[in-house]
Amino acid sequence: MTAECGKSRLEVAKERLQAISSAFNFHHSFIEILKTVIGVESESENSDEESGNEDSTKEDANINLSDNEPETDKAVISMDGIANKVCLHNFETLQYMMGRPEFKVARKYNAKALDIVPDNFNALWNKVYILISENDSIKDDMLTNAENILQQLETVITKDKKLMLIAKAEVAGMHTLLQENLKTFLNSVALYEEILDELQEFSKQSLSDIENLVLIWKQDLVQNYARLTYGHKHERAIAMASDIVKELDHHPTIFDKDKARLWVNLAVIIQHCVPRYERQFDYSNIELSEFPTSEHCYRKAMKLDPENPRIFMQAGREQRKRAKTVPGLEEAVEWLEKAMEGEGMETVKEYLLHHIGLANQSLWQLTDNPEYRNIEDDYKFRKNSHNDNGPRLGSRVIKPPNHPLDFNHILPPYKKLHKSTQWRFFNPIAHNVRNRYYLRAIQCFEEAIRIGLEKCLYLTHLARLRSSALDLVKAGECLLEAEKEVLSDMVSPDAVGVGLYEYIGFHEETLMMQKGFEHKHAEKIKGFYRESIRQSTHNKWKPVVAFHHLLRILYKQLEDEGGFDCERDRLIVQDEYFLLYMAIQEAKDPRDILQTLTTTAPKIDLISRLIQAFHERNEEFDAEAGFTYFSVLAVFRKMKKIKIGAENNDVETKRILLELAERVARQRIEQPRYLRKEYRILYELIGEEAHQRELNSSSLDCKLAKLQEMKMKIVMTIIFPTMTVGCIRSMEQC
């Protein structure tokens, strides 16, 4: 080999290849992300060097190879939305080039890509990488071939913008093949948006040779928007997707089935960005009248692909949520039942039964005219000076005192639940339990429970129906079973745990008020409402009833001044009352109450006092109460503003947080409810810490410090559980 400037031809070729990649950040950054995923720690391109990291953040998955090819731990491959085979082959090539290189397999996939498109930029880059990674075994003719390809790539960079657009689009598609998480979806969407902006520089005629590819890119972008907008705000999503779908809907070369899929994805985007009941993000700057409704999108999709049962499934679900009349709900049931008869729908039968049950429940409420009874009527508050004279100073509390107040000086809760919230949440009392819609709803929920995996949600709905028939015993049994299900304590698209514990609290409150208000039972109910609030800190749906009913219970406790064992107990109830009172009064929208808990210094000070008081008192429900308010502070990043303990420092705060979490873990181990693995791990670490203290070895301090660190990581995982962005439920897949 000849040397150039003291470097060998091979070294020069490697530098040229690296320069080509670095010149285009989209390509270089993807390579770095890929290395991270498959466990490459070093930047070395040596084919003999093994990865130093066995612990990938992604679960191991096997790539389907023929019988004579090895199976290796590589990134997950998914063909969703990727119609270009070259893109997939390039992705497969890259996987077997990085990490523990398997160049024989990589060459096979690279050859497939070049057979389809001989001048593909990414495939040529991969080929050079494979050639020059041979090091000692590389021959002169192979190196010459690599140099010729490098020259070709450098020419493409300077003269052929269209080939570079194709290369960028392939990398955009590869991002979502690599891993489905927030970062990869954001990268993919950003690249596709850049490509569409750059396409404006070309005339329509000059793009005729890549028109089909442009159509694929646009369809991929719409699908990625649908996945990204679940759990992430993207202000361009609705406008961009709407424009693309309207444009492609009239394109003659796109199949009707693909057009139907576009309309379904647009409907999903609209549903994610403009929820009906709960607001996750503020899209108030978007003029929604410019875009179609989700109902319109589904009707278009059904016309384009009338044999697709999944479209009828989604359309029926959406119609069920929006319909307010008997004909509209019956149409929803018709679509859902048609979907259930479709081929391959066995895997989603439980979801279909769930929505058919909900539709029949609504039909029962419209046809039976059940009685809506407000539990607030059972509370008889004695009047105080504020009741007599009405609200003062806009019913605001400036700074709560640090001593118990006379009941006459405590402002009563003035804000009431909106009637629509009451209508959705409170159980109507059935006039006729033989109503055909009522019986059909029960039948659907029972069958969904029998065959389904997500029983928690169905059990909750069944409990509500049992309560409507005044069968509170069976309703309670359903709720006990629901607590044992996984979804009762995890991040989920439907935030099942939030609604479950909010309803359990309501159910227990109903039972209590039948006998009369009682302090001990009230503490248990408050625990259920707080659990709903805690879970809402990491779910997108927020409770409203839990806050209002918790406030009312606290006020009722304050009314009974003789019901407290000591002044401290009354002060704890008073502090929590004023905290919730201020949050509810401040929130312009009921769904913002959680967020307003930490918006002012007096409320943060109240939370600090409450956490310290719950920690010191340490009664049955205190640990969970303190942990709930710690979670609220952590989620809204107010931990550094709290003042807990005599030292008022981070060490004292962390100590109290850990002790509260440990108490919760000990309680959860003994409770019949579902036990998250994090609580079990924390409980085991507590046991290991006690064991190490008994051994009292010379390295005790070091071991205890390590255990403390491990416990804190587990606690943070409980407070901030993983939520997958891009999680499209099977009900939303077309």
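Since the structure is predicted, the reported quantities are computational estimates derived from the model, not experimental observations.

*Asks:* When you look at the overall build of the protein chain in this model, what are you seeing that I'm missing?
*Replies:* Check the secondary structure of the protein chain and you find 30 helices and six strands. Buried residues in the protein chain amount to 56% of all 734 residues. Counting only contacts in the protein chain whose residues sit at least 6 apart along the sequence, the fraction spanning at least 24 positions is 72%. Of the roughly 33900 Å² of accessible surface on the protein chain, 50% is carried by carbon and sulfur atoms.

*Asks:* Please clarify how the packing of aromatic side chains should be interpreted in this entry.
*Replies:* Each aromatic ring pair is specified by the distance between its two centres and by the angle formed by the two planes. This structure, assessed with the given rule, holds nine aromatic pairs. Centre to centre, the rings of tyrosine 96 and tyrosine 109 are 6.0 Å apart; their planes meet at 25 degrees, and the pair counts as stacked. A residue pair is termed long-range when its members are at least 10 positions apart, and tyrosine 96 in helix H3 (residues 85-97) and tyrosine 109 in helix H4 (residues 103-116) qualify at 13 residues. Residues tyrosine 96 and tyrosine 109 agree in their burial class; the two are buried. Taken together, a centroid distance of 6.4 Å and an interplanar angle of 20 degrees make the contact between tyrosine 501 and phenylalanine 528 stacked. Separated by 27 residues along the polypeptide, tyrosine 501 in helix H21 (residues 496-515) and phenylalanine 528 in helix H22 (residues 519-536) bring together distant segments of the chain. In this structure phenylalanine 528 comes out as buried when scored by relative accessible area, which is 14%. The rings of Phe407, Tyr555, Tyr577, Phe578 and Tyr581 are connected pair by pair, giving a single aromatic cluster. For the cation-ring pair, lysine 108 lies above tyrosine 109, with the distance from its terminal atom to the ring centre recorded as 4.5 Å.

*Asks:* Please explain helix H15 (residues 349-368) as it appears in this structure.
*Replies:* In an α-helix there are 3.6 residues to a turn, and that puts residues three or four apart on one side. Taking 1.5 Å per residue as the helical rise, H15 with its 20 residues ought to reach 28 Å, and the 28 Å between its terminal C-alpha atoms agrees with that figure. Burial analysis of H15 places 17 of its 20 residues in the buried class, the great majority of the element.

*Asks:* Can you walk me through the environment of isoleucine 719 in this structure?
*Replies:* Position of isoleucine 719 among the secondary structure elements: in helix H30 (residues 700-719). Sequence separation of isoleucine 719 and valine 632 is 87 residues, and the distance between their C-alpha atoms is 8.8 Å. Dropping the residues within four chain positions of it, isoleucine 719 is found in contact with His538, Phe627, Ser631, Ala634, Val635 and Leu657.

*Asks:* What exactly am I supposed to notice about the confidence of the model for the protein chain here?
*Replies:* Overall, the prediction assigns the protein chain a mean pLDDT of 81, with 83% of residues at 70 or greater. Considering only residues more than four positions removed or in separate chains, one finds that residues 40-83, a stretch of pLDDT under 50, has 87 contacts.

*Asks:* How should unusual backbone geometry be read in this particular structure?
*Replies:* Most of the time, phi is negative for any residue but glycine, and the peptide bond is trans. Here the phi dihedral of asparagine 369 falls at roughly 50 degrees; this positive angle occurs in a residue that is not glycine. Checked against the element boundaries, asparagine 369 lands in the loop between H15 and strand E5 (371-372). Judged by relative accessible area, which is 54%, asparagine 369 ranks as exposed. The backbone of asparagine 696 shows a phi angle near 50 degrees, a positive value even though the residue is not glycine. Here asparagine 696 shows up in the loop between helix H29 (677-695) and H30. The exposure class of asparagine 696 is exposed, given its relative accessible area of 55%.

*Asks:* What's the story with the packing of H4 against helix H5 (residues 121-132) in this structure? I'm lost.
*Replies:* A packed helix pair is summarised by two numbers, namely the angle formed by the two axes and the spacing between the axes. Closest axis-to-axis distance for the H4/H5 pair is 10 Å, and the angle between their directions is 150 degrees. In terms of orientation, H4 and H5 fall into the roughly antiparallel class. Judged by the twist between their axes, the crossing of H4 over H5 is left-handed. Residues Phe103, Ala106, Arg107, Asn110, Ala113 and Leu114 of H4 pack against Ala123, Leu124, Asn126, Lys127, Tyr129 and Ile130 of H5.

Thresholds, definitions, all that
- Residues numbered from 1 in each chain as written.
- Predicted model: local features only at pLDDT ≥ 70, side-chain atom pairs only at ≥ 80, totals over all residues.
- Heavy atoms only, no water.
- Helix = DSSP H or I, 4+ residues; strand = E, 2+ residues; numbered from the N terminus.
- Buried < 20%, exposed > 50% of the residue type's maximum accessible area, 1.4 Å probe, protein only.
- Contact = heavy atoms within 4.5 Å.
- Areas by Shrake-Rupley, 256 points an atom, 1.4 Å probe, with all protein chains shown as cover.
- Phe/Tyr/Trp six-rings, centres within 6.5 Å; stacked < 30°, edge-to-face > 60°.
- Lys NZ or Arg CZ within 6 Å of the ring centre and 35° of its normal.
- Expected span 1.5 Å × (residues − 1).
- pLDDT = per-residue confidence, 0-100.
- Axes fitted to C-alpha atoms, helices over the stretch in contact; angles between N-to-C directions.
- Parallel < 35°, antiparallel > 145°, perpendicular 65-115°, else oblique.
- Left-handed = near helix turned anticlockwise from the far one by under 90°.

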